Amino acid sequence: GALRVVLKAALKNVPVFGWAMQCFRFCFLSRRWELDRPRMARLLRATAREREPVALLIFPEGTDLSPNNIKRSHAFAEKNGLPKFSHVLIPRSTGFAFCLQELRESIAAVYDITMGYVDFTPGERPSEGSLLRARWPREVHFHVERHPIESMPSTEEEVSQWVQSRFDEKETRLKAFYESKHCFEGQEIKMPLPSTAFMSCGFYGVVGLVATIFLLTTSLFRWMCLAAMVAFAVLSARGGADAALLDAKGY
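Since this is a predicted model, take the numbers as computed values, not measurements.

1. A look at the overall build of the protein chain
Link 1 in the chain: In terms of helices and strands, the protein chain carries 9 helices and 5 strands.
Link 2 in the chain: The order of α-helices and β-strands along the protein chain, N terminus first, is β-α-β-α-β-α-α-β-α-β-α-α-α-α.
Link 3 in the chain: For the protein chain, the C-alpha atoms occupy an extent of roughly 60 × 45 × 35 Å along the three principal directions.
Link 4 in the chain: Relative to its full complement of 251 residues, the protein chain shows a buried share of 30%.
Link 5 in the chain: About 16700 Å² of surface is accessible on the protein chain, with carbon and sulfur atoms providing 61% of the total.
Link 6 in the chain: When the 32 positive and 27 negative side-chain charges of the protein chain are each reduced to one mean point, those points stand 7 Å apart.

If you want it as structure tokens, here you go:
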């Protein structure tokens, strides 16, 4: 099957990675609903018509758990009479409610996933910076709950309450996770990192090294990279490769 991820629009134009995500038809949101709604509607209509199974990954929090974002979340909670969280952020349910509305007839279930990390330093959490410095978590724990689509609320207000309740549970669950022996309640299935993961890292490491060597030594390769950058810049200014692919498929 295929995976579509809902991400911040700023990631769309990141060289190489952003271009690849455009080609995978990820959904990029600007956090302005009047602009995001038609884009998301178009992607969801295309997703509903896909012949192969498609999973849509959405983060209701909308951003990472940085100290500044926690402060903003606390301010929003205080303003709206909501509980203050420390292990998650206050969720925004508009996008999720819209996805649920558009895909209700074409999906079987919603999976609620909570992730807990066991890091080398107590209190350390994964971030873009830590990943670039090769500071990988020692373990990643997943708590997964399956909610059949028939059990999901139908109105936007009910969906908002449902999402808020799930995040109340996540806060309690993660608090217990980090204060205990780093495990979630329920059935536990241990899955060691497959050898293919190391092979993939090695492969892309070699590809990156070879590309760097060509970039430093071959003028033709530099011109090809420049042409690709210009092409994606023009394509992004016109909506991106994701929009172009949807146009080509008639969505």
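Having seen the structure, we can now continue with the description.
2. With respect to the nonpolar core
Link 1 in the chain: Grouped together as the largest cluster of nonpolar side chains are 18 residues, with contacts concentrated most on F96, L100, V110, M152, V159, W162 and V163.
Link 2 in the chain: Mapped by element, the contributors of at least two residues to this core are helix 4 (94-103), strand 4 (109-118) and helix 6 (156-179).
Link 3 in the chain: The leading source of residues in this core is helix 6, at 6 residues.
Link 4 in the chain: Beyond its immediate stretch of four places on either side in the chain, V163 contacts P60, P91, S93 and F96.

3. Focus: the pattern of salt bridges
Link 1 in the chain: Under the definition given, this model contains 10 salt bridges.
Link 2 in the chain: Close ionic contact of D112 with K170 constitutes a salt bridge, the shortest N to O distance being 2.6 Å. Of the two residues, D112 is situated in strand 4 and K170 in helix 6; the sequence distance between them amounts to 58 residues. K170 matches D112 in its accessibility class, with the two residues each being buried.
Link 3 in the chain: Note that E179 and K175 form a salt bridge whose closest N and O atoms lie 3.1 Å from each other. Of this pair, E179 and K175 both sit in helix 6, 4 residues apart, which is roughly one turn of that helix.

4. Concerning the environment of Q187
Link 1 in the chain: Within the secondary structure layout, Q187 lies in the loop between helix 6 and helix 7 (195-217).
Link 2 in the chain: Along the backbone, Q187 and T217 are 30 residues apart, and their C-alpha atoms lie at a distance of 54 Å.

5. Here we look at the side chain of E171
Link 1 in the chain: The topology assignment puts E171 in helix 6.
Link 2 in the chain: The buried category is assigned to E171, whose relative accessible area is 12%.
Link 3 in the chain: Polar contacts involving the side chain of E171 include one to the main-chain amide nitrogen of H87, which spans 2.9 Å.
Link 4 in the chain: What E171 contacts, discounting residues up to four positions off in sequence, is F85, S86, H87 and V88.

About the criteria used
- Residues numbered from 1 in each chain as written.
- Predicted model: local features only at pLDDT ≥ 70, side-chain atom pairs only at ≥ 80, totals over all residues.
- Heavy atoms only, no water.
- Helix = DSSP H or I, 4+ residues; strand = E, 2+ residues; numbered from the N terminus.
- Buried < 20%, exposed > 50% of the residue type's maximum accessible area, 1.4 Å probe, protein only.
- Areas by Shrake-Rupley, 256 points an atom, 1.4 Å probe, with all protein chains shown as cover.
- Lys, Arg positive; Asp, Glu negative; His and termini not counted.
- Charge placed at Lys NZ, Arg CZ, Asp CG, Glu CD.
- Core = buried A, V, L, I, M, F, W, Y, C linked by side-chain atoms within 4.5 Å.
- Contact = heavy atoms within 4.5 Å.
- Salt bridge = Lys/Arg side-chain N within 4 Å of Asp/Glu carboxyl O.
- Polar contact = N/O pair within 3.5 Å; in protein donor to acceptor, adjacent residues only side chain to side chain.

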